[in-house]
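Notes for the structure review
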Amino acid sequence: MGEHAEEKETADQPTGRKVDWRAGGGRAAGILASVVRWVGLIFAAILVLHVVFVIGEANPDNGIVSFVRGWADGLLLGFKDLFMPEDAKLRVLINYGIAAIFWMVVTGILAKIIRRVGGAN
């Protein structure tokens, strides 16, 4: 009877290898955390690029400038009128700059949480 129980255990694992699910979860968490960080970096880069276009007085009718402005306005969240200096360029620099820092900080924290919860190193 003991022999049959051993045979059944071996039949359930045809390859004889054990799967380390924690290592796979750690890798998945690491990949997800990296994606979150890259998204934050891209969002911040769009915001900074918009600041550069405004300060450099780029042509607002240019396709690239208007595309970046559209995305930057969407990523600005509640920071649009946070500070209202009289100089329009300074207003854009401060408010969009704070939004860029926000995205970097928030995605950095999220990535760290994802790594810890997922068991990634």
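Here is what the cut-offs are and how they apply
- Residues numbered from 1 in each chain as written.
- Predicted model: local features only at pLDDT ≥ 70, side-chain atom pairs only at ≥ 80, totals over all residues.
- Heavy atoms only, no water.
- Core = buried A, V, L, I, M, F, W, Y, C linked by side-chain atoms within 4.5 Å.
- Buried < 20%, exposed > 50% of the residue type's maximum accessible area, 1.4 Å probe, protein only.
- Helix = DSSP H or I, 4+ residues; strand = E, 2+ residues; numbered from the N terminus.
- Contact = heavy atoms within 4.5 Å.
- Expected span 1.5 Å × (residues − 1).
- Arc of directions from axis to C-beta.
- Polar contact = N/O pair within 3.5 Å; in protein donor to acceptor, adjacent residues only side chain to side chain.
- Patch = residues over 30% accessible without salt bridge, like charges linked within 9 Å, V, L, I, M, F, W, Y side chains within 5 Å.
- Areas by Shrake-Rupley, 256 points an atom, 1.4 Å probe, with all protein chains shown as cover.
- Salt bridge = Lys/Arg side-chain N within 4 Å of Asp/Glu carboxyl O.
- Phe/Tyr/Trp six-rings, centres within 6.5 Å; stacked < 30°, edge-to-face > 60°.

**A few points about the nonpolar core**
If you look at the biggest cluster of nonpolar residues, it comprises 17 residues, and the most contacted ones within it are L47, L75 and Y96. Of all the elements in the fold, those that place two or more residues in this core are α2 (21-55), α3 (63-75) and α4 (88-118). Of all the elements, α2 adds the most residues to this core, at six residues. The residues touching Y96, leaving out its near neighbours within four places in the chain, are L47, H50, V51, A72, D73, L76 and R91.

**Details of α3**
For α3, which comprises 13 residues, the first-to-last C-alpha distance of 18 Å matches the rise-based estimate of 18 Å (1.5 Å per residue) to within 8%. Buried within α3 we find V65, V68, A72 and L75. On an axial view of α3, the arc spanned by its buried residues comes to 90°, and they lie on one face. Opposite the packed face of α3, turned more than 90 degrees from it, sit the exposed residues F67 and G74. For α3, the side-chain oxygen to backbone nitrogen distance between the N-cap and I64 is 2.7 Å, and the N-cap itself is N62. A positive phi of about 55° marks L77, the residue just after α3.

**Quick word on the side chain of N95**
Mapped onto the secondary structure, N95 falls in helix α4. On the accessibility criterion, N95 (0% relative accessible area) is buried. Beyond its immediate stretch of four places on either side in the chain, N95 contacts L76, F79, K80, D81, L82 and F83.

**Side note on a nonpolar patch on the surface**
Taken together, the side chains of I101, V105, I109, L110, I113 and V117 make up a nonpolar region of the molecular surface, amounting to roughly 580 Å² of accessible area. Of note, V117 is situated in helix α4. Its relative accessible area of 70% is what places V117 among the exposed residues.

**Re the side chain of T107**
Here T107 shows up in helix α4. Owing to a relative accessible area of 5%, T107 belongs among the buried residues under this scheme. For T107, the contacting residues outside a window of four places in its chain are V36, R37 and G40.

**A look at the environment of W38**
Examined against the element boundaries, W38 turns out to sit in helix α2. The exposure class assigned to W38 is exposed, which follows from its relative accessible area of 56%.

**Concerning the packing of aromatic side chains**
By the definition in use, this model includes four aromatic pairs. Measuring from ring centre to ring centre gives 5.6 Å for F102 and W103, while their planes differ by 70°; the resulting arrangement is edge-to-face. The class of F102 is partly exposed, set by a relative accessible area of 28%. Judged by relative accessible area, W103 falls into the buried class, the value being 16%. Here a set of aromatic residues connected by ring pairs shows up, and it is made of F43, F79, F102 and W103.

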